[in-house]
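One-letter residues, chain by chain:
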Amino acid sequence: MTTTPTPTTDDAPSPPAPAPAQGKGAWSTLRPLVLRLHFYAGVLVAPFLLVAALTGLLYAASFQAEKIVYDHELTVPVGDRELPVSEQVAAARAAHPDGEITAVRPSPEPGATTRVLLSGIPGVDPGHTLAVFVDPYTAKVRGELEQYGSTGALPLRTWIDEFHRDLHLGEPGRLYSEFAASWLWVIACGGLVLWFSRRRTQRKLRGTTGRRRTLGLHGGVGAWVALGFVFLSATGLTWSAYAGAHIGDLRTALGQETPAVSAAAGEHAGHGVAGGAGGDAAHGVGLDRVLAAARAEGLDNPVEIVPPADEGSAYVVQQIQRSWPTKQDAVAVDPATGQVTDVLRFEDFPVLAKLTRWGIDLHTGSLFGLVNQIALMLLALSLILLILWGYRMWWQRGRGSAFGRPIPRGAWQQVPPQVLVPLLALVAVLGYFVPLLGIPLAAFLAVDIVLGEIAHRRGRRTYGPASR
């Protein structure tokens, strides 16, 4: 975030804002606006970004922490032969006869446990399931933990995930993260443009001290990580409350929704909506034949088996690997015959559906595993440092009578109409699709204009150089 030298105030009426110079480039008239927006957005949005960065840092680290904390439930000594999945499920059922089996995740690799997921368990959040961990070689139950989401997050990661997403405040709390994501790309792009618009000599860090050195660190690091922030902002908005809904509507209008295998039993119904959770895991031909049919279609580990939702539904077996290469193929299997009734390949997904899948998995640290998680932690640390450096620059410039020493008001009046009108139209469109960007931006402009008019009437409107 950037700030500007202290404007001066006088008791006498200030002269009117200078008209734009002839031949003045569009950027020279826009720069004061970008600088003022970057400063105010940085000061006001930074606390929300700081929380998002700290909780995001914790979430990126939670994948590895989860493996350590829940090692007993997740891993077992490698045995000679895995037992049939049906025997493992029967063992989980004997230990937990209550609830309904919603899915089974067979051991994905040697030494990993099988997860049997149960819903309707007293004391378990209705939106979560109880994961019963079974040794695939002995069918002994290793333990049980509450699980959330398609990535199989266990209590530690679930708590951090919800803290990052909504501060454990539910739907109202999601506004904080959407607000941060809505503004992060604006601040990053504004800072990037401002940094590269400076003369090369002004960007040098060596031999500088005080505020100039802080500015050098802030701008230099920000330039390196800006694209990463834009990516986090864009992908974070895809599952936000308001902007995410608009993105979903746009994908629907373009025919780019994520397809699902048809769960209608006994017919090739095409790619519709997958059947709901629930049902009997031992229904019809049983889990072992269903899994064998899916293997014959090329669905290797890791997979999840979803029992039929009702009498007219099929088993659904789907790959659940989010890491690269992504495995998201799915098949439906008729419980009466064990025959595959529908197949859906990830390679057949629409382009935007694939990009959304990869973007979300990269944002959450799943796509490239540990390397991905380390990169996210570095981005989070960079954002924390940039925020601290930004506030330090503000402090180093002194706390004069003007808050934060912003760019003088009235800079927008110098922007040529042929630039200002399209710019306002773009802001309006962005405001519609990203309301937590558009509404605060409109409010800022309104307040800024009102305060400027009040200052003008009092004869205290301020002007000064638009330096950084």
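Residues numbered from 1 in each chain as written. Predicted model: local features only at pLDDT ≥ 70, side-chain atom pairs only at ≥ 80, totals over all residues. Heavy atoms only, no water.

In this section: unusual backbone geometry. Cis geometry is adopted by the peptide bond preceding Pro302, which originates at Asn301 and carries an omega value of -5°. Mapped onto the secondary structure, Pro302 falls in the loop between α8 (287–296) and β5 (303–306). The omega torsion of the bond from Trp324 to Pro325 falls at -5°, within 30 degrees of zero and hence cis. Take Pro325: it is sitting in the loop between β6 (315–319) and β7 (330–333). One non-glycine residue, Leu167, lies in positive phi territory at about 60°. Along the chain, Leu167 turns up in the loop between α4 (155–166) and α5 (174–197). With a relative accessible area of 26%, Leu167 lands in the partly exposed category. Residues other than glycine seldom take positive phi values, yet His168 does so here, at roughly 60°. (Helix = DSSP H or I, 4+ residues; strand = E, 2+ residues; numbered from the N terminus. Buried < 20%, exposed > 50% of the residue type's maximum accessible area, 1.4 Å probe, protein only.)

Counting buried residues in strand β3 (residues 129–134) gives 6 out of 6 residues, a clear majority hidden from the surface. Residues Thr129, Ala131 and Phe133 of β3 are buried on one face, and the alternating residues Leu130, Val132 and Val134, pointing to the opposite face, are buried as well. Inspection of the sheet shows β3 paired to strand β4 (residues 141–147) by 6 bridges, in the antiparallel sense. Opposite Val134, over in β4, you have Val141 as the bridge partner. (Pairing = 2+ DSSP bridges.)

For the rest of this paragraph, the subject is the pairing of β6. Within β6, 4 of the 5 residues are buried, which leaves the element mostly enclosed by the surrounding structure. Summarising the sheet, β5 and β6 pair through 4 bridges and their orientation is antiparallel. Considered in β6, the bridge of Ile305 is made with Val317. Here β6 pairs with β7 via 4 bridges, running antiparallel. If you follow Gln318 over to β7, its bridge partner there is Ala330.

Within the secondary structure, Asp166 sits in helix α4. There is no salt bridge for the buried Asp166, and the closest opposite charge comes from Arg165, which lies 4.1 Å off by N-O distance. In this structure Asp166 touches Gly173, Arg174 and Tyr176, once residues within four positions along its chain are discounted. (Lys, Arg positive; Asp, Glu negative; His and termini not counted. Salt bridge = Lys/Arg side-chain N within 4 Å of Asp/Glu carboxyl O. Contact = heavy atoms within 4.5 Å.)

For the rest of this paragraph, the subject is the packing of α4 against α5. Relative orientation of the contacting elements α4 and α5 amounts to 65°, with a least axis distance of 6 Å. Considering their axes alone, α4 and α5 lie roughly perpendicular with respect to each other. Seen from α4, the contacting residues are Phe163, His164, Arg165 and Asp166; seen from α5, they are Arg174, Tyr176 and Ser177. (Axes fitted to C-alpha atoms, helices over the stretch in contact; angles between N-to-C directions. Parallel < 35°, antiparallel > 145°, perpendicular 65-115°, else oblique.)

Next up on the list: a nonpolar patch on the surface. Taken together, Leu250, Leu254, Val351, Leu352 and Leu355 make up a surface patch of nonpolar side chains, about 450 Å² in accessible area. Within the secondary structure layout, Leu254 lies in the loop between α7 (243–253) and α8. For Leu254, a relative accessible area of 52% gives the class exposed. (Patch = residues over 30% accessible without salt bridge, like charges linked within 9 Å, V, L, I, M, F, W, Y side chains within 5 Å. Areas by Shrake-Rupley, 256 points an atom, 1.4 Å probe, with all protein chains shown as cover.)

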